[in-house]
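Now for the letters of each chain:
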Amino acid sequence: MAAGGGTIPALVTEPRFAQHLRQRLEEAQLLDTRYRLQKVLGGSVALPVLEGKAAEQWLQDKELQGPPCRLLCIQDPVPSKAASVQPPAQKLRCELRRLLLELGESWSEELECDVPRTWQQHGDLILLSPVLWETVASALGAQRLAKRGRVLPDKMRSPSVTLLLGHNSWVEHVDNGIRYTFDVTKCMFSPGNITEKLRVASMQCSGEVLVDLYAGIGYFTLPYLVHAAAAFAHACEWNPHALEALRRNLALNGVQDRCQIHAGDSRQLQLRDVADRVNLGLIPSSEEGWPVACRVLKKGTGGVLHIHHNVEARPVPPVLKDEQRLPKESNSEQEDEEHRASEEMESSGQEVLAARVRPEWWSWAEAAAARIRGLLTELHSQPWQTSILHIEAVKSYAPHVHHIVLDLECRPMPPT
């Protein structure tokens, strides 16, 4: 930690043995030269070390001459004068050593030799040789290395990834037994959606036809086919890089014969009357795909829509202690609203727990259900009914903004 704020590990010995111990630590490359040797209570001398566990292991492996040393933490270490005038190459080695130790990786003579000692500087830009990236990749047990930037603000949510080491940017990721391959510089992979992919995988879709309006590289298409046992899937995607990954992923998982890919804008999809289930996995909103979802549902039996959406909700107040809770007769506006939402859920017979579904989520779900009911009624010139089966919270995108999924059952009403 930096001086003036926290502690660092150090080996403590008697003053007359400090120089000998320092030499031994320098030989073992464990001395933290960013800080001074300093006296501690009792007149002993503390020698800062780079990482406590490594120093402790060193003590066990080495026979030290003189009295035994002990490992402790010292408060507010004092920076050394040498740290401010350290040669750039030495500073780089120290920072890399510290980074690797924080990651639980050990430093080696091979890595010491690989660290660059020279580089070119052009203004505020440092031009490094590939040796540094090879060192980092080797330390982390990899053969390729890439730098990730912010997602580009385009309609395809393109990644900003630069390959630093290696020539092939195609990678493979295994998720719940499903193999995904994609070009990491061209396509996104969101590990934050794993809970929803697991939920999809647990669904019983045997014999059903799925339409995935925003398939990407197969994030949800594959769980439906591989684990949920959907009979067939129509996968829609307009990003050419994602389409290539989708084709490869269907083949990788042996389900290419049970899926038809529709390249292009899903809003122009010509399918009708085919789906038992429609996945609308687009955020922040999939609303532009709702009319298409209504058209592809089977007009005779209907089906289920899984609608992804980002909903903004008020922050939940902290839970009060029992003696601080509002009395039951409280007429606070928030409590009344939550109570009304709870009553609406109970009266409609939905199996959604009020404790985990925020009023804003429920209000949005009801509005979506009403809108889709109107679209279906207008499309088929007969009344339809929609029922909220479930509201799933996937993750938070920003303070008070939640990615949720609405499972909406849509059925034509029997003639009266």
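Every chain begins its residue count from 1, and numbering advances along the sequence as written. Totals for whole chains, interfaces and linings use every residue, but because this is a predicted model, local features are given only for residues with pLDDT of at least 70 and side-chain atom pairs only at 80 or more, for both listing and counting. Each side-chain value is worked out from all heavy atoms of the structure, with water and hydrogens disregarded.

Chemist: I tried to follow the packing of aromatic side chains on my own but got confused; where do I start?
Modeler: Aromatic rings in a pair are described by how distant their centres are and how their planes are angled relative to each other. Each aromatic pair joins two rings of Phe, Tyr and Trp (for Trp, the six-membered one) with centres within 6.5 Å, and gets the label stacked for planes under 30 degrees apart, edge-to-face for over 60, and tilted for any other angle. On inspection of all chains with the given rule, the structure shows three aromatic pairs. Aromatic pair Tyr180 and Phe189: ring centres 5.4 Å apart, planes at 70°, arrangement edge-to-face. Residues Phe189 and Tyr219 carry aromatic rings whose centres are separated by 6.1 Å and whose planes lie at 55° to one another, so their mutual orientation is tilted. Of this pair, Phe189 sits in the loop between β10 (178-183) and α7 (194-201) while Tyr219 sits in the loop between β11 (209-212) and α8 (221-226), and the two are 30 residues apart along the sequence. An identical accessibility class is assigned to Phe189 and Tyr219; each is buried. Taken together, the ring pairs connect Tyr180, Phe182, Phe189 and Tyr219 into an aromatic cluster. Remark: a charge is flagged as sitting over a ring if the NZ atom of Lys or the CZ atom of Arg is within 6 Å of the ring centre and within 35 degrees of the ring normal. It is Arg248 that lies over the ring of Trp170; its NZ or CZ is 3.7 Å from the centre. Counting from the N terminus, the helices are DSSP H or I runs at least four residues long and the strands are E runs at least two residues long. When a residue's accessible area, from a 1.4 Å probe over protein chains only, is under 20% of the maximum for its type it is buried; when over 50% it is exposed; and in between it is partly exposed.

Chemist: It is not clear to me how the pattern of salt bridges should be interpreted in this structure. Could you clarify?
Modeler: Close approach of charged atoms allows side chains of opposite charge to pair. A side-chain nitrogen of Lys or Arg and a carboxyl oxygen of Asp or Glu constitute a salt bridge if their distance falls within 4 Å. The final tally for this structure, using the stated rule, is 14 salt bridges. Measuring nitrogen to oxygen at the nearest pair gives 3.4 Å for the salt bridge that ties Arg22 to Glu26. Of this pair, Arg22 and Glu26 both sit in helix α1 (residues 18-27), four residues apart, which is roughly one turn of the helix. Given a relative accessible area of 30%, Arg22 falls into the partly exposed group. Given a relative accessible area of 43%, Glu26 falls into the partly exposed group. Several salt bridges share partner residues, and in doing so they unite Glu196, Arg199 and Asp407 into one network.

Chemist: Just to check I follow, could you spell out the sheet that holds strand β3 (residues 45-48) for this structure?
Modeler: The strands making up a sheet associate through hydrogen bonds between their backbones, and the pairing can be parallel or antiparallel. Following DSSP output, two strands are said to pair if at least two bridges run between them. Strand order in the open sheet formed by four strands is β2-β3-β1-β4, and the pairing between neighbours is antiparallel. Looking at the sheet topology across the chains shown, the edges are occupied by β2 (38-39) and β4 (70-75). The pairing of β2 with β3 spans two bridges and is classified as antiparallel. Bridge pairing in β3 places Gln38 opposite Ala46. Two residues form a contact once any of their heavy atoms are found within 4.5 Å. Under this scheme, a helix contributes an axis fitted over its contacting stretch, all axes are lines through C-alpha atoms, and angles between N-to-C directions fall in the 0 to 180 degree range. With respect to the sheet, α1 is in contact with β1 (7-13) and β3, its orientation differing from that of β3 by roughly 10°.

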